[in-house]
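Observations on the model geometry
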Amino acid sequence: MRRLLTRRGQRAVRSGLSLTAAALLLSSCGIPSTGVVEAGEAATGIRPAYVLYFIRQDTLLGVRSQVPGTLDIGTAVVLLFRGPDDLLGLKGLTTELPPLTSPPTVRAEGARVSVELPRGTGPLTRTALAQLTCTIADAHLVASAVSGSGGGNDTSTSTSTKVTVTIPGVGQSEGSAETCPGSATAE
């Protein structure tokens, strides 16, 4: 009987040693401890981007553009009126929008956005109005998501956005995001 206890004791000791060795191997993993590593600013998440709509071969295409500074619809409109940068120009993207003489006035209330362009802006073509309407609808969606006022990933908000463009001395046009192209982008 004494011999039986010894064998059981030996098995228990071996099992205990095996478990301890396995625990040590698993805990070390061969990766040395480094402590705190200074590597710049803390991550702040993904920066929002607008989709600006330009034209390539009579087709309206969205181009992602990072938001410089203030995130609002007016910023997106100003960026759109600047036209495609040199790199996008090399890719064949153009605009039918004229240069702005001063910033537009933009007001958003719910799903309605009104834009008053500066006096002296000429009439806009149908394509130019589509560029403006689609850019505003997307910017409205982004601004709403960032501010927490609704929108987020709800595509019904972007497609229900109604845009009114007023040019003093020229007239007023209304458009809807329902006519904007889906996910086609030129990046």
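Residues numbered from 1 in each chain as written. Predicted model: local features only at pLDDT ≥ 70, side-chain atom pairs only at ≥ 80, totals over all residues. Heavy atoms only, no water.

**Some remarks on the overall build of the protein**
Counting its secondary structure elements, the protein contains five helices and six strands. Going from the N terminus to the C terminus, the protein shows its helices and strands as α-β-β-α-α-β-β-α-α-β-β. Within the protein, the fraction of its 187 residues that count as buried is 33%. A separation threshold of at least 6 residues defines the contact pool for the protein, and within that pool the share at least 24 residues apart is 59%. (Helix = DSSP H or I, 4+ residues; strand = E, 2+ residues; numbered from the N terminus. Buried < 20%, exposed > 50% of the residue type's maximum accessible area, 1.4 Å probe, protein only. Contact = heavy atoms within 4.5 Å.)

**Observations concerning the confidence of the model for the protein**
Caution applies to low-pLDDT regions: their predicted coordinates should not be interpreted in detail. In the predicted model, the protein carries a mean pLDDT of 76, and the fraction of residues at 70 or more is 63%. Looking across the protein, the model is least confident in helix α5 (residues 155-159), with a mean pLDDT of 47, and most confident in strand β4 (residues 112-116), with 95. Confidence drops under pLDDT 50 across residues 21-29; counting only partners more than four residues distant or on other chains, this segment forms zero contacts. Contacts from residues 31-40, a stretch scored under 50 in pLDDT, to residues over four places away or in other chains number zero contacts. (pLDDT = per-residue confidence, 0-100.)

**So, the sheet that holds strand β5 (residues 162-167)**
Pairing is mixed across the open sheet formed by four strands, whose spatial order is β3-β4-β5-β6. Each edge of the open sheet carries a strand with a single partner, namely β3 (105-109) and β6 (171-176). With strand direction ignored, the average angle separating the axes of adjacent strands in the sheet is 15°. Pairing of β5 with β6 involves six bridges; the strand directions are antiparallel. In the strand pairing of β6, K162 is matched with S176. (Pairing = 2+ DSSP bridges. Axes fitted to C-alpha atoms, helices over the stretch in contact; angles between N-to-C directions.)

**Focus on the state of the cysteines**
Applying the stated criterion to the full structure yields one disulfide. Disulfide pairing places C134 opposite C180 at an S-S distance of 2.1 Å. The disulfide joining C134 to C180 has a torsion of about -105° about its S-S bond and is therefore left-handed. With C134 in helix α4 (residues 126-147) and C180 in the segment after β6, this residue pair connects regions lying 46 residues apart in the sequence. The pair formed by C134 and C180 is uniform in burial state, with each residue classed as buried. (Disulfide = S-S within 2.5 Å.)

**Looking at unusual backbone geometry**
With phi around 50°, Q57 is a residue other than glycine that occupies positive phi space. Secondary-structure assignment places Q57 in the loop between β1 (49-56) and β2 (59-66).

**Points about the nonpolar core**
One finds L117, L124, L132 and I136 to be the most contacted residues of the largest nonpolar core, which totals 27 residues. Within the residue set of this core, elements represented by two or more residues are β1, β2, α2 (73-82), β4, α4 and β5. Look past the residues within four positions of L117 in its chain and what remains in contact with it is F81, L100, P104, L124, L132, V165, T166, I167 and P168. Membership of the second largest hydrophobic core comes to eight residues, among which are V51, Y53, A177 and C180. (Core = buried A, V, L, I, M, F, W, Y, C linked by side-chain atoms within 4.5 Å.)

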